[in-house]
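If you want the building blocks of each chain, they are given just below.
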Amino acid sequence: MDGMKKRWISLYVENQVGVLSKISGLFSGKSYNLDSLTVGTTEDPTVSRMTIATVSDDETFEQIKKQLNRMIEVIKVIDFTDIFVRMKEILYIKVLKCTPQDKIEIFQIAETFKAKVIDYGKDSLLVEFVQTATKNDAVVKLMKEEFKSIEVVRGGSVGIESISMMER
Amino acid sequence: MRQITGNKLLVKALKEEGVDTIFGYPGACTIDISDELYKQKDIRVILPRHEQALVHEADAYARTTGKVGVCLVTSGPGATNLVTGLATANYDSVPLVCFTGQVAKHLIGNDAFQEVDIVGITRSITKYGVTVRNREDLGRIIKEAFYIARTGRPGPVLIDLPKDVMGELGSAEYPSEVNIRGYKPNTNVHVGQLKRAIKMLHKAKRPLFLAGGGVNIAHANESFREVVEKTEVPVVTTIMGRGAIPTNHPLFVGNLGMHGTYAANMAVNECDLLFSIGARFNDRITGKLHAFAPKAQIVHIDIDTASISRNIHVDVPIVADAKEAVLKMKEYVEGCKREAWLKQIASWKEEHPLKMKKRAVMGPQDIIEEINRQFKEAIIVTDVGQHQMFASQYVEITKKKQIIMSGGLGTMGYGFPGAIGAQIGNPKTPVIAISGDGGMQMNIQEFATAVLEELPLILCVFNNEYLGMVRQWQKLFYGKRYGMTNLRSGALFRRTEGQEMPAYTPDFVKLAESYGAKGIRVTKREEIKAAFEEAKKNTKLPTLIEFIIDPEEMVYPMIQPGGTLKDMIMDC
């Protein structure tokens, strides 16, 4: 399989009932990997925009784009894999059963990763990370190793084309 | 401004779309539409006896008239019975607009009586599906549905109609324009790409055309024949492409694929340029992918971008409607006759002609050859199985003939209702169904429709008391263990060792007669001719001709599933 890697698609779709189901159904029905999918309305309330992450090889990815393009409800498909985009994912990690030492460590981690501790309990902390999905992967891995009991929720990447920034 | 109900607007919309025939089965959620249709005379309503047959009938009507097939069924089971037919039409690119009833909006999601999420159920087997949630959207949605169904790569569209929305008053206007921002089918040919492809064609030493169903759907046959004759490049077809050029044309090599001819499969294997139009390289034609057309560069013209470069590597991809492409080709192609190549193909044809072993008993080839002799104009509709492969091998398709079948999905039960839809759309053309005893029983209730609509169909049932194609695989690859394929097995057979079996299960002749149709049983070769002559006399009645066939009849050549084209089983 040539070029197996993570790729991103930004999708403009009709903001209608069933469209999300149709898009996700395409991925399951044709056995395409769906790493993450986010969706929300745009400045035009009749249009939604999705950011889709998938791990696939070159040929499969071409098929995914074509299959998306031929859907009536899909207005536009943009391949984010090789263009300059700003892309972030929100990640919340709640650390439970914290010792006082744990709490100090969590604040240090938060500072290092430019994250915010946004809530505080007797033996628990809630940390918010807004960074790339890849960095979030690393954070989750680290936190799992460091702490006994954590709860993770993440939003999936949202992305938009850069204006002048030549970095991802 | 005058206001009308959704039900009235629907009927108005059908008329404006030029619909003269619909296939409908009523129910609680569509009773108001039935009522509106009752009050008018312009649209003929056909009442089949099962919704699965209904959608096949609309499908065949569409395939043989070039119009959009229209279905109207009720909610719940009426809608779910469409599923197989929608998938069939979707696979074979058939334009359908299917209206399904739906419970009133406030009941949706309540598990109401006869409520199903039919748009959800059919999402992956329709080109587009939508529930009409607001009365003011109805006209636009119907307009879009017809446009989507017939343009681009045609396909089925489903519109779900909640009962309350249809009862609401609203604008009587039916829009005349369509503008769907996410759907702009492109049919124009990229001339640069096409010229590149044609240059390769002119340079090739062993060029070969591969024509698929797209050529027939686009009605590009005549122009394609002209291109073929001008270039003198030989042609192979898929079963859906059969008739792309007349099958008696000297440049026609045969069908390729699992049951293709020896010459066609050898030609694909040896060609150095495979120029494909309107085919999508399904596994049944390619066999083992990496060994398919190993010496060839491949040009692939298809209207569906997603069909190109999906299964095989393509050197020149061209997205275009087959007809547009062929018309442009006509302008640019030159003669590129390759004597040695044509001679080679001729010698393959001679080496292994398409021929069944001549046996003492009547065989499928005898029957189909009689059809070829007696009918110079006909629509032939097959079911799925051995008889379908015999038909796609032996039926001659010339200018006034057409063959249709469920090629992609392989839907048993398509043949009989398909013939009904074809006959309704083409009342003056002889329509012949070719079916097996298995597939025939999957929609046998349609005798009622055929008799009451006075359709002079000729229904050929190849009865071998087995599900023959599966049996063929069992004979070749499963040590002759005929599990689940004997249509006469069961407790009665086991208990009495066959001693007390009725002569026929069912007695097709009596069955036909019980519906008021004619039935003829043919057991000998000498009876075939007379049976068809007799059937032709019944101009207002369907005639079933049951042919008793030896279950040992096999379809050859055959490529083992997953095998390569050059390793054909010729006979055993």
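Residues numbered from 1 in each chain as written. Chains lettered and ligands numbered in written order. Predicted model: local features only at pLDDT ≥ 70, side-chain atom pairs only at ≥ 80, totals over all residues.

K.L.:
Even after reading the chapter, I still don't get the overall build of chain A, so can you show me in this structure?
P.N.:
Each helix and strand counted, chain A has four helices and nine strands in total. The secondary structure elements of chain A, listed N-terminal to C-terminal, are β-α-β-β-α-β-β-α-β-β-α-β-β. Projected onto the principal axes, the alpha-carbon positions of chain A cover approximately 55 × 40 × 35 Å. Within the span of chain A, comprising 168 residues, buried residues form 26% of the whole. The long-range fraction of contacts in chain A, counting pairs at least 24 apart against all pairs at least 6 apart in sequence, stands at 71%. (Helix = DSSP H or I, 4+ residues; strand = E, 2+ residues; numbered from the N terminus. Buried ≥ 20, exposed ≤ 12 C-beta atoms within 10 Å, placed from the backbone. Contact = placed C-beta atoms within 7 Å.)

K.L.:
Please clarify how the overall build of chain B should be interpreted in this entry.
P.N.:
From N to C terminus, chain B includes 24 helices and 22 strands. Against the compact-globule benchmark of 25 Å for 572 residues, chain B has a radius of gyration of 24 Å, which places it among compact chains. Across its three principal axes, chain B shows a C-alpha extent of roughly 75 × 70 × 40 Å. A buried classification covers 54% of the 572 residues belonging to chain B. Taking all contacts inside chain B whose residues are at least 6 apart in sequence as the whole, residues at least 24 apart take part in 75%. (Rg over C-alpha atoms; globule rule 2.2 N^0.38 Å.)

K.L.:
What exactly am I supposed to notice about the interface of chain B and chain A here?
P.N.:
The parts lose accessible area when they come together, and the size of an interface is often stated as this lost area. Opposite the 15 residues of chain B that make contact, chain A presents 16 residues. Split into classes, the residues belonging to the side of chain B that touches chain A amount to six nonpolar, five polar and four charged. (Nonpolar A, V, L, I, M, F, W, Y, C, P; charged D, E, K, R; others polar.)

K.L.:
Got a minute to help me understand the sheet that holds strand S9 (residues 207-211) of chain B in this structure?
P.N.:
In a beta sheet, neighbouring strands are held together by backbone hydrogen bonds and run either parallel or antiparallel to one another. Residues and elements named next belong to chain B. Pairing within the open sheet is parallel, and its six strands lie in the order S11-S10-S9-S12-S13-S14. Unpaired on one side and paired on the other, strand S11 (252-255) and strand S14 (316-319) mark the two borders of the sheet. Across this sheet, the average inter-strand angle for adjacent strands is 15 degrees, counted without regard to direction. Packing of helix H14 (residues 322-332) onto the sheet brings it into contact with strand S12 (273-277), strand S13 (297-302) and S14, and relative to S12 it is tilted by some 130 degrees. (Pairing = 2+ DSSP bridges. Axes fitted to C-alpha atoms, helices over the stretch in contact; angles between N-to-C directions.)

K.L.:
How should the UniProt feature "domain: Thiamine pyrophosphate enzyme N-terminal TPP-binding" (unreviewed entry) in chain B be read in this particular structure?
P.N.:
In this structure's numbering, the residues bearing the UniProt feature "domain: Thiamine pyrophosphate enzyme N-terminal TPP-binding" (unreviewed entry) are residues 5-120 of chain B. A helix fraction of 43% and a strand fraction of 17% characterise residues 5-120 of chain B, whose end C-alpha atoms lie 26 Å from each other. (UniProt positions renumbered as here; feature names shortened; annotations may be inferred.)

K.L.:
Which parts of the structure should I look at to understand the pairing of S13(B)?
P.N.:
Each regular strand shows side chains that alternate between the opposite faces of the sheet. Residues and elements named next belong to chain B. Among the six residues in S13, six count as buried, and that is most of the element. Residues of S13 alternate between two faces, with Gln297, Val299 and Ile301 on one and Ile298, His300 and Asp302 on the opposite face, all of them buried. In the sheet, S13 pairs with S14 via four bridges, with the strands oriented parallel. Within S14, the position partnered with Ile301 by the bridge is Ile318.

K.L.:
Got a minute to help me understand the UniProt feature "domain: Thiamine pyrophosphate enzyme central" (unreviewed entry) in chain B in this structure?
P.N.:
Under the local residue numbering, the UniProt record ascribes the feature "domain: Thiamine pyrophosphate enzyme central" (unreviewed entry) to residues 194-326 of chain B. Secondary structure across residues 194-326 of chain B comprises 33% helix and 20% strand; the distance between its end C-alpha atoms is 10 Å.

K.L.:
Whenever I open this one, the environment of Pro175(B) confuses me. Can you help?
P.N.:
All names here are of chain B. Mapping Pro175 onto the fold places it in the loop between strand S8 (169-171) and helix H9 (191-203). For Pro175, a count of 15 C-beta atoms within 10 Å corresponds to the partly exposed category. Distance from Pro175 to Asp42, taken between C-alpha atoms, is 20 Å for residues 133 residues apart in sequence.

K.L.:
Can you help me understand the nonpolar core in this one?
P.N.:
Nonpolar side chains tend toward joint burial in soluble globular proteins. Counting 190 residues, the largest nonpolar core has Cys71(B), Leu96(B), Ile159(B), Leu208(B) and Cys460(B) as its most contacted members. It is helix H7 (residues 138-150) of chain B that contributes the most residues to this core, eight residues altogether. Contacts of Leu96(B), omitting those with residues within four sequence positions, involve Ala58(B), Asp59(B), Ala62(B), Val68(B), Gly69(B), Cys71(B), Ala89(B), Ala149(B), Pro156(B) and Val157(B). With 11 residues, the next largest nonpolar core counts Leu91(A), Ile93(A), Ile106(A) and Ile109(A) among its residues. (Core = buried A, V, L, I, M, F, W, Y, C linked by C-beta atoms within 7 Å.)

K.L.:
Hey, could you run me through unusual backbone geometry in this one?
P.N.:
Both trends apply: most residues other than glycine have a negative phi, and most peptide bonds are in trans. All names here are of chain B. Following Thr505, the chain continues to Pro506 via a peptide bond in cis, the omega torsion being -5 degrees. Within the secondary structure, Pro506 sits in the loop between helix H22 (491-496) and helix H23 (508-514). In this structure, the amide linkage connecting Tyr556 to the following residue, Pro557, adopts the cis form with an omega of 0 degrees. Inspection of the secondary structure puts Pro557 in the loop between strand S20 (543-548) and strand S21 (558-559). In this structure, Glu454 takes a positive phi of about 55 degrees despite not being glycine. Looking at the secondary structure, you find Glu454 in the loop between helix H20 (447-452) and strand S18 (458-463). Accessibility expressed as a C-beta count within 10 Å gives 12 for Glu454, which makes it exposed.

K.L.:
In this structure, what is going on with the domain arrangement of chain B? I would like to understand it.
P.N.:
All names here are of chain B. Examined at the domain level, chain B breaks down into domain 1 (3-171), domain 2 (191-351) and domain 3 (364-558). Distance between the C-alpha centres of domain 1 and domain 2: 37 Å. Across the boundary between the two partners, domain 1 contributes six residues, which contact six residues of domain 2. Residues of the side of domain 1 that touches domain 2, tallied by class, amount to one nonpolar, three polar and two charged. (Domains from an automatic or database assignment.)

K.L.:
What is the right way to look at the sheet that holds S20(B) in this model?
P.N.:
Residues and elements named next belong to chain B. Ordered by their spatial adjacency, six strands build an open sheet running S16-S15-S17-S18-S20-S19, and the pairing between neighbours is parallel. If you trace the sheet from one side to the other, it starts and ends with strand S16 (401-404) and strand S19 (518-522), each paired once. Neighbour-to-neighbour, the strand axes of this sheet turn through a mean angle of 15 degrees, independent of strand direction. Bridge count between strand S17 (residues 431-436) and S18: five bridges; the pairing is parallel. When the sheet's bridge partners are listed, Ile432 is paired in S18 with Ile458.

K.L.:
Which parts of the structure should I look at to understand the packing of helix H3 (residues 51-65) of chain B against helix H5 (residues 83-91) of chain B?
P.N.:
The angle between the axes and the distance between the axes are what describe a pair of packed helices. Residue and element names in this part refer to chain B. Where H3 contacts H5, the two axes come as close as 7 Å, and the packing angle between them is 25 degrees. The pairing of H3 with H5 is recorded here as roughly parallel in orientation. Of the two elements, H3 crosses H5, and the hand of that crossing is right-handed. Between H3 and H5, the residues in contact are Gln52, Val55, His56 and Asp59 and Thr84, Gly85, Leu86, Thr88 and Ala89, respectively. (Parallel < 35°, antiparallel > 145°, perpendicular 65-115°, else oblique. Left-handed = near helix turned anticlockwise from the far one by under 90°.)

K.L.:
How do you make sense of the domain arrangement of chain A when you look at a structure like this?
P.N.:
Residues and elements named next belong to chain A. Under the domain assignment, chain A is made up of domain 1 (5-79) and domain 2 (85-161). Distance between the C-alpha centres of domain 1 and domain 2: 28 Å. The partner domain 2 presents six residues to the seven residues of domain 1 that form the contact. When residues of the side of domain 1 that touches domain 2 are traced back to their parent elements, those giving at least two are strand S1 (5-14), strand S2 (36-41) and strand S3 (47-56). With three residues, the single largest contributor to the side of domain 1 that touches domain 2 is S2. Taken together, the residues of the side of domain 1 that touches domain 2 sort by class into three nonpolar, four polar and no charged.

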